[in-house]
Amino acid sequence: AQSVTQPDIHITVSEGASLELRCNYSYGATPYLFWYVQSPGQGLQLLLKYFSGDTLVQGIKGFEAEFKRSQSSFNLRKPSVHWSDAAEYFCAVGAKEYGNKLVFGAGTILRVKS
Amino acid sequence: IAGITQAPTSQILAAGRRMTLRCTQDMRHNAMYWYRQDLGLGLRLIHYSNTAGTTGKGEVPDGYSVSRANTDDFPLTLASAVPSQTSVYFCASSDSRIGYEQYFGPGTRLTVT
């Protein structure tokens, strides 16, 4: 069965420090990969996506993610975190073979300390 | 452009009552979805619709029903609410003709007492 794992439930970083959020997936097909961000009381906003091609993808708000097929990973990174980045982040995976449906990870809550 | 709207924003409902959560999109996306979000579990798919007139079951469909009479609307009905259906419900849509990313509404917070 398809699954997505975000190993870190909570992460705390200092403002200005770099950030990496981990995402691992188990999928029996070539995956489409996404990162979403959710601020408290809000819906999910798409940060970036990977379908094919260059394995390093750029997103909004200065985020990037790298697809590593050999590790079944799609980690999210940001070189310098801002206090406004505090939110919950979700990794999601889909595949053409499974139709339009996505499978979401359980989320990682990012706290930013000043 | 509103994107996806959901109503109500929040609701407290007595167990056993019937409730319909509304979802409307103005992007003419062919596919729509209903998720529930519970702490520590991420988002779980309840039902989906790949195109108007068709629906399918997701990961947690029991106790819920949907219909898709037209492209824009995708209501979710709880026929007889139970406390375990207390959750935040998100509607989403996507256009599989151009990509697989989903766009989300603001959510409905439902409490069943």
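No experiment lies behind these values; they were computed from the predicted model shown. Within any chain, residue numbers begin from 1 and follow the written order of that chain's sequence. All chains are assigned letters beginning with A, and all ligands numbers beginning with 1, in the order in which they are written. Confidence filtering applies because this is a predicted model: local features only for residues at pLDDT of at least 70, side-chain atom pairs given and counted only at 80 or more, and all residues used for totals across whole chains, interfaces and linings. Side-chain numbers come from the whole structure's heavy atoms, not from hydrogens or water.

Engineer: If you had to explain the packing of aromatic side chains to someone new, which residues and values would you point to?
Structural biologist: Here the aromatic set is Phe, Tyr and Trp, taking the six-membered ring for Trp, and pairing holds for ring centres within 6.5 Å; pairs whose planes are under 30 degrees apart are stacked, those over 60 apart are edge-to-face, and all others are tilted. One pass over the full model with this rule turns up 16 aromatic pairs over all chains. Summarising the aromatic geometry, the rings of A:Y32 and A:F51 are spaced 4.9 Å apart at their centres and angled 65 degrees between planes, so their arrangement reads as edge-to-face. Of this pair, A:Y32 sits in strand β5 (residues 32-38) while A:F51 sits in the loop between β6 (44-50) and β7 (56-58), and the two are 19 residues apart along the sequence. Three or more aromatic residues joined by ring pairs make a cluster, and in this case those are A:Y32, A:F34, A:Y36, A:F51, A:F104, B:Y33, B:Y35, B:Y100 and B:F104. Numbering of helices and strands starts at the N terminus; helices are DSSP runs of H or I of at least 4 residues and strands are runs of E of at least 2.

Engineer: Kindly report on the interface of chain B and chain A, identifying the contributing residues and their values.
Structural biologist: Accessible area lost when the parts come together is the quantity often used to give the size of an interface. Residues count as neighbours in contact if any of their non-hydrogen atoms are within 4.5 Å of one another. Tallying the contact residues gives 22 residues for chain B and 21 residues for chain A. Buried area is understood as the total, over both parts, of accessible area removed when two parts are fitted together, assessed with a 1.4 Å probe. For the chain B and chain A pair, buried surface summed over both sides reaches about 1,700 Å², with 59% attributable to carbon and sulfur atoms. For this analysis, a salt bridge means a side-chain nitrogen from Lys or Arg found within 4 Å of a carboxyl oxygen belonging to Asp or Glu. Connecting chain B to chain A are one salt bridge. One salt bridge connects B:E101 with A:K49, and the closest N-O pair in it is separated by 2.5 Å. In the analysis that follows, any N or O atom pair within 3.5 Å is treated as a polar contact, provided that within protein one partner can donate a hydrogen and the other can accept it, and provided that, for residues neighboring in sequence, both atoms belong to side chains. Our count for the chain B to chain A interface comes out at three residue pairs in polar contact (both at pLDDT 80 or more). Elements supplying a minimum of two residues to the side of chain B that touches chain A: β4 (31-38), β5 (42-49) and β9 (87-94) of chain B.

Engineer: Explain the pairing of strand β12 (residues 108-113) of chain A to me, using residue names and the numbers behind them.
Structural biologist: Residue and element names in this part refer to chain A. Of the two faces of β12, only the one carrying T108, L110 and V112 is buried; I109, R111 and K113 on the other face are not. Strand pairing is assigned whenever DSSP identifies at least 2 bridges connecting the two strands. As paired elements, strand β10 (residues 87-94) and β12 share three bridges and run antiparallel to each other. Across the sheet, residue E88 finds its bridge partner in β12, namely I109. Note on classification: 1.4 Å probe, protein chains only; a residue is buried when its accessible area is under 20% of the maximum for its type, exposed when over 50%, partly exposed between these limits.

Engineer: Got a sec to walk through the layout of surface pockets? Specific residues and values, please.
Structural biologist: Buried and open spaces are told apart on a 1 Å grid over the protein atoms alone, a cavity being a set of points where a 1.4 Å probe fits but cannot get out and a pocket being an open set with protein on both sides within 12 Å along at least five of seven lines. Residues with an atom within 4 Å of a point are the lining residues. Grid points are joined across faces, edges and corners, and a volume is the space filled by probe spheres set on the points. In this model, the largest pocket occupies a volume close to 420 Å³. Lining of the largest pocket is provided by 26 residues; of these, A:Q38, A:G41, B:Q37, B:V88 and B:R109 occupy positions nearest its centre. Broken down by secondary-structure element, the contributors of at least two residues to the lining of the largest pocket are β10 of chain A together with β4, β9 and β11 (108-112) of chain B. Take the lining of the largest pocket: its biggest share by element is four residues, from β11(B). A volume near 290 Å³ is recorded for the second largest pocket. Considering the residues around the second largest pocket, the lining is formed by 16 residues, among which A:L102, A:V103, A:F104, B:L45 and B:E59 are closest to the centre. In this count, Pro and Cys sit with the nonpolar residues alongside Ala, Val, Leu, Ile, Met, Phe, Trp and Tyr, while Asp, Glu, Lys and Arg are called charged and the others, Gly among them, polar. Of the residues assigned to the lining of the second largest pocket, the class counts are ten nonpolar, two polar and four charged.

Engineer: Report on the sheet that holds strand β8 (residues 76-78) of chain B, specifying residues and quantitative values.
Structural biologist: Residue and element names in this part refer to chain B. Read across the open sheet, the four strands follow the order β1-β3-β8-β7; overall the sheet is antiparallel. In this open sheet, the two edge strands, each paired with only one partner strand, are β1 (4-7) and β7 (64-66). Averaged over all neighbouring strand pairs, the angle between strand axes comes to 20 degrees, with direction disregarded. Think of each axis as a best-fit line through the C-alpha atoms, taken over the contacting stretch in the case of a helix, with angles from 0 to 180 degrees between the N-to-C directions.

Engineer: Tell me about the side chain of B:Q102, residues and numbers included.
Structural biologist: Tracing the chain through its elements places B:Q102 in the loop between β9 and β10 (103-104). Under the relative-accessibility criterion, B:Q102 is labelled buried at 1%. In this structure, B:Q102 is in contact with A:Y36, A:N100, A:K101, A:L102, B:Y33, B:Y35, B:A92, B:S93 and B:S94, ignoring residues within four places of it in sequence.

Engineer: Could you give an account of the pattern of salt bridges, naming the residues involved and the relevant values?
Structural biologist: Residue and element names in this part refer to chain A. Under the criterion given, the structure shown has nine salt bridges over all chains. Here D8 makes a salt bridge to R22, at a shortest N to O gap of 3.0 Å. Taken as a pair, D8 in the loop between β1 (3-5) and β2 (10-14) and R22 in the loop between β3 (19-21) and β4 (24-26) lie far apart in primary sequence, 14 residues in all. Taking the relative accessible area as the measure of exposure, R22 reaches 37% and is therefore partly exposed. Of the charged contacts in the structure, one is a salt bridge between E64 and R77, with a shortest N-O distance of 3.3 Å. Of the two residues, E64 is situated in strand β8 (residues 64-68) and R77 in strand β9 (residues 73-78); the sequence distance between them amounts to 13 residues. Among the charged side chains, a network of salt bridges with common partners joins E64, E66 and R77.

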